[in-house]
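# Analysis of the macromolecular model
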Amino acid sequence: MLKGLMFLCVLCSSVEQKIYVVLNETVPCVRLLNATHQIGCQSSISGDTGVLHVLETESDLDWILSSGPHPPYMVIMETAFFNRSVMMRMKNSSRVAGVAVIISKTGLADNFSPHTTCPNQNTGVYSESYGSDLANCNGTVWNPLGNGLSYEDFSFPVFALKDENQTQVLRKCYEDHNQRVNGSAPQYPLCAMQLFSHMHAVTDTVTCMRRTDLQNRFSINPEVLCDPLSDFNVWTSTRPLNNSAKGHAADESVVIAATRLDGRSFFWEQAPAAEGTVSGIVTLLATIQALYPVTQEAPPPRNIFFSFFQGEAFDYIGSSKMVYDMEKNDFVIDMNNVHSMLEIGQVGLRSGQRLWMHSDPVSRQNKSVDTEVSEEEGKLSLFSHALSRSQPLPPSSFQRFLRARRIPGLVLADHNTSFTNRYYESMYDDAENLNVTYPPGLTPDEQLVYETDAAKSLAEVATLVARSLYLQAGGEEKNLNNITADPKIVAQLLYGFLVQKNNSWFRSLLPPEVTKKGVNSILSPGPPQFYIGLGPRVHGPAHSVTRFVQYILANLTGTVTNLTESQCQNPSELSTENKDVNQTIPQCIVTSLFNILI
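Notes on the structure follow. All of these numbers come straight from a predicted model, not from anything done at the bench. (Residues numbered from 1 in each chain as written. Predicted model: local features only at pLDDT ≥ 70, side-chain atom pairs only at ≥ 80, totals over all residues. Heavy atoms only, no water.)

### A closer look at the overall build of the chain
Assigned secondary structure in the chain consists of 16 helices and 20 strands. Counting over 598 residues, the chain shows a buried share of 61%. A total of about 23800 Å² of accessible surface is found on the chain, and carbon and sulfur atoms cover 49% of it. (Helix = DSSP H or I, 4+ residues; strand = E, 2+ residues; numbered from the N terminus. Buried < 20%, exposed > 50% of the residue type's maximum accessible area, 1.4 Å probe, protein only. Areas by Shrake-Rupley, 256 points an atom, 1.4 Å probe, with all protein chains shown as cover.)

Right, dumping it as structure tokens:
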């Protein structure tokens, strides 16, 4: 159970309230498992308690780790101290009981990415058997600012504090009771804090699933120890596909246009993912808005298949599941139906209005693939630049398709080599990072339709993508002038995904049963978070971001939008003898079961 935060020495009415104050607006770092490892954070089974100390200077850190007489300490830190160096020193110390990070832009570093320098490096296409000289980001380190904190295993709880008023209460408690005076240690009574985020799961996915299965078989009151990260991919196409038929679709050639639906950060469900994810989602939605009417009036020979993959931040769960289903003849098309693919990556931070086309040098050694990719590059070359064929693909869903078949394809991005995004997969990849800002004095409804520079830029990208897709599908050039993305639509999408999802436009798109008030309403205040869900038992049938994209797509196309499961395969396929991180099927990545009291 995750109780949140408690501390001593605050005056209230009841006896319990005189001793404890529960802090709301807290977000935990949780334990995650895959086929081989555990990462994240957790408390002991009864929670961890320590003397409160605010980390503001290097001398405070020395006090916590060596000279302070009252360990273990619960450390409150500003954003400036939340970095790998400080956290690893705490991880290796027995004097730290837990950490609480104050979420603030004050003192924010010029860069912060808790992801690795080579995202998803073991689950992409490059390996010893495919482009071995390109594997493990050899030659191109895509996220050089990554410090890897999200992949460390901390034995103590770590929380984010979001409520500024309650943060001030914490500070006052520390200043009144715990602060050093002239270098002297404070005397009891001291202000203490408890963090409670115990995780039941340990070791790896296989172990956790096996223990859960034993609970279900032999316990009168079975307890679920972990949940698979799962949700749904969202897809639609310019021509309807027969949903009741599975496997190869006769006389059907498909151009896939794709992007990812999710992001992540160090703290659970705190993933605004503005540049990392939202820029791609908004661009693809605007592409569909621009392209769909023309494909109905002057349909190209090939079908255009739009897909939003859920779970890509965790070893490409969504794209892996779709490819797996295609290979098993359990999807509406198979790999033989795929003509080519265009993926929209991070496109929101263009320098000089430039875009870059990334292709796979290994598959281009095949002459027919190279010819098709060259033609695809030509259709995109108006605003973008082709890259050297010696450079590998950046982290992308397209890599999972290449593992199954060498199909022609490109990944469109705003970076040549390393990411432009300085806050990749962190809680600071937000509207401000994407330069979505508004003039002072605008009402929420005025902000909703205000065309920011970011909105105009992404509308240009969407127009480019829509026109090139139409040509790639065999459409005629004479229709291109009728394909233009609407910057107002882009502005509304950016506002809804990055500023406030409970707005008049989003409400107009959702059916009444979805907009009803309640604890499970997807229209709670603030922007949505782009963390993949925990499946029906925790999050309902689909995560809020999946729902929004589904209903927006239906509104833009006037057709039914399709959902397919985005989840790892049966955990029994991940036996203890098969822990190879390069396995074909997606890894089951789960969180420990925890109840939230906030």
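### Some details on the packing of aromatic side chains
Tallying each qualifying case throughout the model produces 19 aromatic pairs. Ring centres of Phe82 and Phe266 lie 5.3 Å apart, and the angle between their planes is 70°; this geometry places the pair in the edge-to-face category. Remark: Phe266 occurs in the loop between β13 (254-260) and α6 (274-297) and Phe82 occurs in the loop between β6 (73-77) and α3 (84-91); sequence separation between them is 184 residues. When its relative accessible area of 2% is taken as the criterion, Phe82 is described as buried. Residue Phe266 is classed as buried on the basis of its relative accessible area, which comes to 6%. Each ring, one from Phe309 and one from Phe401, has its centre 6.0 Å from the other, and the planes form 45°; the classification is tilted. (Phe/Tyr/Trp six-rings, centres within 6.5 Å; stacked < 30°, edge-to-face > 60°.)

### Examining the nonpolar core
Most often, soluble globular proteins keep nonpolar side chains buried together rather than apart. Counting residues in each nonpolar core, the largest one holds 74 residues, and the members touching the most others are Leu285, Phe308, Leu469, Leu494, Phe497 and Val549. Looking at this core, the element that brings in the most residues is helix α11 (residues 453-472), giving 12 residues. Not counting the four nearest positions on each side in its chain, Phe497 is found in contact with Val278, Ile281, Val282, Leu285, Phe506, Pro527, Pro528, Phe530, Phe548, Val549 and Ile552. Counting 32 residues, the second-largest nonpolar core is a separate cluster that includes Cys41, Trp63, Val75 and Phe267. (Core = buried A, V, L, I, M, F, W, Y, C linked by side-chain atoms within 4.5 Å. Contact = heavy atoms within 4.5 Å.)

### Brief notes about the pairing of β13
Of all the 7 residues making up β13, 7 are buried; the element is thus mostly covered by neighbouring parts of the structure. Every second residue of β13 is oriented toward a common face, with Val254, Ile256, Ala258 and Arg260 on one face and Val255, Ala257 and Thr259 on the other, all of them buried. Pairing of β13 with strand β14 (residues 303-309) involves 7 bridges; the strand directions are parallel. The residue bridging Ala258 from the neighbouring strand is Ser307, located in β14. Each parallel crossover has a hand, and for β13 linked through α6 to β14 it is right-handed. Strand direction decides the pairing type here: β13 and strand β15 (residues 338-344), joined by 5 bridges, are parallel. (Pairing = 2+ DSSP bridges. Right-handed = clockwise from strand over helix to strand, strands pointing away.)

### Some points on the packing of helix α8 (residues 367-380) against α11
In contact at an axis separation of 9 Å, α8 and α11 are set at 140° when each is read in the N-to-C sense. Classified by the angle their axes make, α8 and α11 are oblique. Where α8 crosses over α11, the two elements pack in a sense that is right-handed. From α8, Glu372, Glu376, Lys379 and Leu380 reach across to α11, where they touch Leu464, Ser468, Leu471 and Gln472. Considering only residue class, the contact of α8 with α11 consists of 3 nonpolar, 2 polar and 3 charged. (Axes fitted to C-alpha atoms, helices over the stretch in contact; angles between N-to-C directions. Parallel < 35°, antiparallel > 145°, perpendicular 65-115°, else oblique. Left-handed = near helix turned anticlockwise from the far one by under 90°. Nonpolar A, V, L, I, M, F, W, Y, C, P; charged D, E, K, R; others polar.)

### Description of the packing of helix α2 (residues 58-67) against α3
Running from N to C, α2 and α3 point in directions that differ by 15°, and their axes come no closer than 11 Å. By the criterion of interaxial angle, the relationship of α2 to α3 is roughly parallel. The interaxial crossing formed by α2 with α3 has right-handed handedness. Seen from α2, the contacting residues are Glu58, Leu61, Asp62 and Leu65; seen from α3, they are Val86, Arg89 and Met90. Split into classes, the residues belonging to the contact of α2 with α3 amount to 4 nonpolar, no polar and 3 charged.

### Quick word on the state of the cysteines
Following the criterion strictly, the structure yields 4 disulfides and no others. Two residues share a disulfide in this structure: Cys29 and Cys41, whose sulfurs sit 2.1 Å from each other. Taking the torsion about the S-S bond as the criterion, the Cys29 to Cys41 disulfide, at about 80°, is right-handed. Taken together, the residues Cys29 in the loop between β2 (26-28) and β3 (32-33) and Cys41 in strand β4 (residues 38-41) connect sequence positions 12 residues apart. With a relative accessible area of 2%, Cys29 lands in the buried category. Residue pairing for Cys208: its cysteine sulfur links by disulfide to Cys226, the two sulfurs lying 1.9 Å apart. Here Cys208 and Cys226 share a disulfide; its torsion about the S-S bond, -130°, makes the bridge left-handed. Within this pair, whereas Cys208 is found in helix α5 (residues 205-218), its partner Cys226 is found in strand β11 (residues 226-228), the two being separated by 18 residues in sequence. Given the relative accessible area of 1%, Cys208 is considered buried. (Disulfide = S-S within 2.5 Å.)

### Details of the pattern of salt bridges
For the structure shown, the criterion picks out 16 salt bridges. Arg31 is the salt-bridge partner of Asp153, the closest N and O atoms lying 3.7 Å from each other. Placement of Asp153 in strand β8 (residues 153-154) and of Arg31 in the loop between β2 and β3 is noted, with a sequence separation of 122 residues between them. Of the residues examined, Arg31 reaches a relative accessible area of 4% and is grouped as buried. (Salt bridge = Lys/Arg side-chain N within 4 Å of Asp/Glu carboxyl O.)

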